[in-house]
Amino acid sequence: MAKPAYGAFFEKAVEKLHSERRYRVFADLERVNGRFPHALWHSPEGVKEITVWCSNDYLGMGQHPDVVGAMAQTALTTGAGAGGTRNISGNHHPIVVLEEELADLHGKDAALVFTSGFVSNEAAISTIAGVLPDCLILSDELNHASMIAGVRHSGCEKKIFRHNDLDHLESLLRAEDRARPKLIVFESIYSMDGDIAPIAAICDLAERYGAMTYIDEVHAVGMYGARGAGVAEREGLMDRIDVIEGTLAKGFGVVGGYIAASKLIVDTVRSYAPGFIFTSTLPPAVAAAACASVRHLKTSSVEREAQQRQAETAKRVLLSRGLPVMMGDTHIVPLLVGDPSLAKAASDRLLEKHRIYVQPINFPTVPRGTERLRFTPTPFHSDDLIHNLADALDEVWSALQLKRISVAAE
Ligand SMILES: *Cc1c(COP(=O)(O)O)cnc(C)c1O
């Protein structure tokens, strides 16, 4: 018997993406410390300077002197790697200090750091729900892939509620015995649309029906609240949420993920989650850099205020050109294209003709028919850069005959 034609299976899988116009092409970028949001693009025709408009380094903290300094200094004093898992020789001091800093940030007893936000969601949700007998997970339909992975991996029964729909969530909760363990998992800011969950009302429902709450604040930490702890901080709700999850890679500009919760919950995840136990600790230099970023943003609101201001300016300027901004109350500025080929063509033209880099967002990240360009203005995207962007988009929208909206008189 011939062996299976393995290559053909992979070819078919990749071909499927081409035929659906959602084959991913990565831009070969080189960040230059101190030049954000400018970067170098290693294009097929050589190296070109571009402006990055879709970075999740939302506040530019990845190039903040205190953060880069902490990373470089710590690498020089401690070396490159952690040398082990948390349990076996890798529990280095900078990660212990970072966890104390994160627990304090969220007003919780304890925090636990993972190698990424993805891993933190996958490991924490699956472990927490898995420990609760016959737990029912209630999950918002637009939750991030990492939360879905955690829900699946828990092996628990799940019910999906319509996005931010309190009536739907309540009807699902009401149908259950109050004594049955339940975990509501949701995000504060949904980053593809830039909308915000009704956190207080979800906490009310959790209390009424005896559920635990788990919130992903990945797109809010560093950026919302007086000390940068997120939307729950801004709304005075941190103590009503059982588990707060965040990333060190977006607003904080480094890498890593975490949860903050009671000592008992953190101890449980620490002791049972394979994704925490069986992997090496983040390097000391990374932990020290993240810690410097968290500390800086606890006391400095300059970055948060500038980000909000530039996001508002970008929305206003783009709308005034009739560009279809999907309006929300956050720092995210999505522009609807509605077709995967056109979204890709618009992105290619922006990069090749205008040296503006924004990645198209396609299915499965967003529903089919809502393909978009997603801009993330930072404190470093000046008014001039915003006007350059608007001019470039104007040209691209005309050249590709993309849909506009009617412009209300300003
Ligand atoms: C990016 C993201 C994550 C994963 O965080 P990383 O630190 O990048 O792994 C988790 N949740 C949401 C909502 C995200 O957008």
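None of the values given here were measured: they were computed from a predicted structure. (Residues numbered from 1 in each chain as written. Predicted model: local features only at pLDDT ≥ 70, side-chain atom pairs only at ≥ 80, totals over all residues. Heavy atoms only, no water.)

**Considerations on the site of the ligand**
As a structural note, the neighbourhood of the ligand is formed by 13 residues, with Gly117, Asp216, His219, Thr247 and Lys250 the closest of them. Within the contact set of the ligand, a nitrogen atom lies 2.7 Å away from a side-chain nitrogen or oxygen of Asp216. Contact with the protein chains removes 85% of the 380 Å² of surface that the ligand exposes when unbound. When residues of the shell around the ligand are assigned to their parent elements, the largest contribution, 3 residues, is made by helix 4 (residues 117-131). (Near = heavy atom within 4 Å. Polar contact = N/O pair within 3.5 Å; in protein donor to acceptor, adjacent residues only side chain to side chain. Areas by Shrake-Rupley, 256 points an atom, 1.4 Å probe, with all protein chains shown as cover. Helix = DSSP H or I, 4+ residues; strand = E, 2+ residues; numbered from the N terminus.)

**Thoughts on the pattern of salt bridges**
In this structure the tally under the stated criterion is 28 salt bridges. Between Glu101 and Arg295 there is a salt bridge, with its nearest N and O atoms 2.6 Å apart. Linking Glu101 in helix 3 (residues 93-106) with Arg295 in helix 11 (residues 284-299), this pair joins segments that are 194 residues apart in sequence. Glu101 gets classed as buried once you look at its relative accessible area, which sits at 13%. (Salt bridge = Lys/Arg side-chain N within 4 Å of Asp/Glu carboxyl O. Buried < 20%, exposed > 50% of the residue type's maximum accessible area, 1.4 Å probe, protein only.)

**Some points on helix 3**
Its 14 residues place the ends of helix 3 21 Å apart at the C-alpha level, agreeing with the 20 Å of an ideal helix rising 1.5 Å per residue. Residues of helix 3 that are buried: Ile95, Val97, Leu98, Glu99, Glu101, Leu102, Ala103, Leu105 and His106. (Expected span 1.5 Å × (residues − 1).)

**Observations regarding the nonpolar core**
Side chains of a nonpolar character, in soluble globular proteins, are inclined to be buried together. Ranked by size, the top nonpolar core spans 57 residues in total, and within it Leu102, Ile184, Phe186, Ile199 and Leu248 carry the most contacts. Among the elements that take part in this core, helix 11 stands out by supplying 7 residues, more than any other. Apart from the residues lying within four places of it in its own chain, the contact partners of Leu248 are Leu98, Leu102, Val113, Gly253, Val254, Val255, Gly256, Gly257, Tyr258, Ala290 and Val294. Of all hydrophobic cores here, the second largest spans 32 residues; its members include Trp53, Leu318, Leu389 and Trp397. (Core = buried A, V, L, I, M, F, W, Y, C linked by side-chain atoms within 4.5 Å. Contact = heavy atoms within 4.5 Å.)

**Some points on the packing of helix 6 (residues 166-174) against helix 7 (residues 199-209)**
Packed helices, taken two at a time, are described by the angle their axes make and the gap between the axes. Here helix 6 crosses helix 7 at 10°, and the two axes come no closer than 10 Å. One way to sum up the angle between helix 6 and helix 7 is to call them roughly parallel. Contacts between helix 6 and helix 7 involve Leu166, Leu169, Glu170, Leu173 and Arg174 on the former and, on the latter, Ala201, Ile202, Leu205, Arg208 and Tyr209. (Axes fitted to C-alpha atoms, helices over the stretch in contact; angles between N-to-C directions. Parallel < 35°, antiparallel > 145°, perpendicular 65-115°, else oblique.)

**Here we look at the pairing of strand 6 (residues 157-161)**
The pairing of strand 5 (residues 136-140) with strand 6 spans 5 bridges and is classified as parallel. Counterpart to Asp140 in the pairing with strand 6 is Phe161. In the classification by handedness, the crossover that spans strand 5, the intervening helix 5 (residues 145-154) and the parallel strand 6 is right-handed. (Pairing = 2+ DSSP bridges. Right-handed = clockwise from strand over helix to strand, strands pointing away.)

**A closer look at a nonpolar patch on the surface**
Together, Tyr6, Phe9 and Phe10 make up an exposed nonpolar region whose accessible area comes to about 400 Å². Mapped onto the elements of the fold, Phe9 is located in helix 1 (residues 6-19). (Patch = residues over 30% accessible without salt bridge, like charges linked within 9 Å, V, L, I, M, F, W, Y side chains within 5 Å.)

**Points about the packing of aromatic side chains**
Scanning the model with the defined rule gives 3 aromatic pairs in all. Residues Trp53 and Phe375 carry aromatic rings whose centres are separated by 6.2 Å and whose planes lie at 75° to one another, so their mutual orientation is edge-to-face. Taken as a pair, Trp53 in the loop between strand 3 (46-52) and helix 2 (65-78) and Phe375 in strand 16 (residues 372-375) lie far apart in primary sequence, 322 residues in all. You'll find Trp53 and Phe375 in the same group, each marked buried. Residues Phe114 and Phe276 carry aromatic rings whose centres are separated by 5.6 Å and whose planes lie at 75° to one another, so their mutual orientation is edge-to-face. Within this pair, whereas Phe114 is found in strand 4 (residues 110-114), its partner Phe276 is found in helix 10 (residues 274-277), the two being separated by 162 residues in sequence. Looking at Phe114, the relative accessible area reads 3%, which means it is buried. (Phe/Tyr/Trp six-rings, centres within 6.5 Å; stacked < 30°, edge-to-face > 60°.)

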